[in-house]
Amino acid sequence: MNRGKLKKLIKCPFRKTLEPFEGSPLSEDVSAEPAGVRPFNSIPGPQGLPFIGNLLEYFKKDGPRFDKLFEVHKQRSEEYGPIYAESLPNFHNVVISSPWEYNKVIRAEGKLPQRRAMEPISHYRLTRGMGLGLVTAQGEEWYQQRTVVSKKMLKLNEVTSFAGEMAHVADDFVTRLDSVRDAESEVPNLEKELFKWAMESIATFVFEERLGCLGEKPTAVTQSFIDNLAGFFKTLQPLMYNVPVYKHFRTKLYKQFEGHSDKLFEIGKSLVEKKLAEMTKSGESKSDFLQYLMDNKNMDSKKVASVGIEMLIGGVETVSTATTWCLYSLAKNPRAQQKMYQEICDAKQEADGELSAEQIAKLPYVKAVVKEALRKYPITYATSRYTDNDMEIAGYEIPAGSHVQANLYGMYRNADLFYQPEEFIPERWLKSGQQQMDPTVKSLSQLIWGHGARMCIGRRIAEQEIHLALSKIVNKFSLSYHHKDVEPLIVVAIVVVSAAAAVVVAELVEVVVVVVVVVVVVVVVVVVVVVVVVVVVVVVVVVVRRRRRSRKRRRTTTKQQQRRRRRRRRRRRRRRKEEEEEEEEEGGGGGGGGGGGEGEGEGEKEKVEKEEEEQQQQQQQEKKEDEEEVK
Ligand code: HEM
């Protein structure tokens, strides 16, 4: 490294954290590390509110924008330095903007690395009873799938065996571009064309079959897949940054996401199943990739379908967007385009004919063009991990389980790391480049694919596709661009509405409305329940009291009756006694007047009858009284 470069590095805002590579003249600068390690909560960064963190800032006029999150990271790293912390609902993030500091994360990575899960996808898959795929699975579940799939996708010779078919797709794409050019020789909707090409291309790997995306009119199935894939990404981004209410209540946005996912999985599954059925019927392998997966004892047809679909989802939008930026960069830089064209012509001359995929993959300037386009326009604007262990980064304690993110966009456009960062200079990546690059800075170009055991599994396929298409396009056309300059946006967020923030607001409003409705319903239900309970209690109390009263009355009545009866009985006994006494008295007087004869006997009889009659009358009277009392 020359002294001028060294001086520049020492002046840079990352000076404190520069970690010299072996043999670097910067090795004397190690003392620049802060002496003590500071606690996690003292990491600088924008102050947020509880629960929603820094979310409100995104609603300020002229404030940070969700569709320019990478710009926000860049600006904040300029303000706070090589490390800062920010939070959004459901997400606390440590952003690292020094390649040397992020290298600590890469070096500390274990066997089962974890990055931020795409929770809407995981939630969708789980609620639909599917296993988590390669992108969303964690731990052993991920490791098992990864081990199987990487053997096919990351081996160079495996990938180049598909290059012939991919080259045919690239040829057809060039023909299509030629045919869709308008009167001004412009391709009206280049992104859409690239999207179709990327889908056709990845299908040759997954299904070893052409889907017909590049024909006059794509089939209904292909068009549906394309539309739903766009919808899938549009709805995914705002769902990821918002409070995950969709886990408890299916918001409108989540329903849209679910709808797109259903359609994608339905189409993907039917394509995979059709292929598997053909293979079973004919007994021969018509898709090397699917056959390989099926032959693995850890895979079943459901898992195979899931992997196949993931490749379609993961390999279309990424490759087409990356290629769009490559073409844009070449169109804006005729010098670089000419150099690339020359390299292709020279190689063709040397090969004495058309270039094979292997030969194209070896063209250094083509590779440098792709690296430089993705440096300036990184479709992966950040790569991230959850830390496995406690560690120190940039002088701060980072506890295990923290989410740390490499601010790739900020680093790629940092003048202290890349000279003239706003310029498109593919030469910087060549061995013969004007300046020797620090190896750590140089390795930043790899981070576009992630890192370690969890690096993009489609990397080799993607590079092969992009190199093939670019070299064929540059070989056939001279590219130019005559419109307003464009800068990157997180399109998946902004296509939904004018700004992703609006989607977040809409989601929050929906949540508030739902919460209010739920509260009102709960209150009404509680009130109704309380009223019903009160009424029931009152009725029960009244009934019970009445019953008690009537029982008491009945008991009182019975007692009165008994008392009366007893009284009557006593009266009767007394009367009888009096009568007997009277009789006795009369009997004593009778001895003197015993000559009363028959006439007296009859008188006696009459008296008895009268008494009996009176007794009967009295009994009847008593009975009547009793009955009346009972009544
Ligand atoms: C220019 C194109 C592409 C770029 C820039 C890209 C970038 C990435 C990045 C940054 C990751 C995360 C890696 C990490 O966490 O370390 C990733 C993962 C992944 N990519 Fe790509 N990708 C591209 C194309 C593809 C293609 C063509 C496919 C499929 C054929 C694909 C399939 C996947 C899958 C399945 C994962 C998850 C891997 C895992 O977690 O084990 N990607 N990609």
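Note on numbering: residues in each chain are counted from 1, in written sequence order. Restriction of local features to residues with pLDDT of at least 70 applies here, the model being predicted, together with a cutoff of 80 or more for giving and counting side-chain atom pairs; totals for whole chains, interfaces and linings are based on all residues. Only heavy atoms go into the side-chain values, all of them from the structure, while hydrogens and water stay out.

### A short note on the environment of E422
Alright, step 1. Its place among the elements puts E422 in the loop between α16 (408-412) and α17 (439-442).
Alright, step 2. Remark: the alpha-carbon pair of E422 and K376, spanning 46 residues in sequence, is separated by 7.2 Å.
Alright, step 3. Only heavy atoms enter the contact rule, under which two residues are in contact if any of them lie within 4.5 Å. Ignoring sequence-local partners within four residues, the contact set of E422 consists of K376 and R413. Labels follow the DSSP assignment, with helices taken as runs of H or I lasting at least four residues and strands as runs of E lasting at least two, numbered in each case from the N terminus.

### Section: helix α9 (residues 220-241)
Alright, step 1. How far a helix is expected to stretch is found by multiplying one less than its residue total by 1.5 Å. The end-to-end C-alpha distance of α9 is 33 Å, a good match for the 32 Å that 22 residues give at a rise of 1.5 Å each.
Alright, step 2. Here's how the labels work: a residue is buried when its accessible area is under 20% of the maximum for its type, exposed when over 50%, partly exposed in between, all with a 1.4 Å probe on protein chains only. Burial analysis of α9 places 16 of its 22 residues in the buried class, which makes it a mostly covered element.

### Description of the site of the ligand
Alright, step 1. In the vicinity of the ligand lie 26 residues, with R115, R146, R385, R454 and C456 positioned nearest.
Alright, step 2. Between L134 and the ligand, the recorded distance is 3.4 Å, taken from a backbone N or O atom to an oxygen atom.
Alright, step 3. Pairing of N or O atoms within 3.5 Å defines a polar contact, subject to two protein rules: one partner must be a possible hydrogen donor and the other a possible acceptor, and residues neighboring in sequence count only if both atoms are side-chain atoms. H451 is positioned with one of its backbone polar atoms (N or O) 3.1 Å from an oxygen atom of the ligand.
Alright, step 4. Those elements that place two or more of their residues in the shell around the ligand are α5 (139-153) and α12 (301-332).
Alright, step 5. In terms of residue count, the dominant contributor to the shell around the ligand is α12 (six residues).
Alright, step 6. Under the scheme applied, nonpolar residues are Ala, Val, Leu, Ile, Met, Phe, Trp, Tyr, Cys and Pro; charged residues are Asp, Glu, Lys and Arg; polar residues are all the others, including Gly. Of the residues belonging to the shell around the ligand, the class tally is 15 nonpolar, seven polar and four charged. We call a residue near a molecule or strand when any one of its heavy atoms sits within 4 Å of it.

### What to know about the confidence of the model for the protein
Alright, step 1. Every residue carries a pLDDT, the predictor's confidence in it, which falls somewhere between 0 and 100. Looking at the protein as a whole, the pLDDT averages 83, with 87% of positions reaching at least 70.
Alright, step 2. Long-range and interchain partners of residues 1-33, a stretch whose pLDDT sits below 50, account for 49 contacts in this model, where long-range means more than four residues apart.
Alright, step 3. Scored below 50 in pLDDT, residues 589-597 shows one contact in the model against residues more than four places distant or in partner chains.
Alright, step 4. Both scores are available for the predicted complex, with the pTM at 0.75 and the ipTM at 0.99.

### Focus: the pairing of strand β1 (residues 83-88)
Alright, step 1. Counting buried positions over the six residues of β1 gives five, a clear majority of the element.
Alright, step 2. Relative to strand β2 (residues 91-96), β1 runs antiparallel, the two being bridged by six bridges. When the bridges of β2 are listed, A85 appears paired with V94.
Alright, step 3. Two strands pair under a simple rule: DSSP has to find at least two bridges between them. Taking the residues between adjacent antiparallel strands as the criterion, β1 and β2 are bridged by two residues, where N90 takes a positive phi near 70°.

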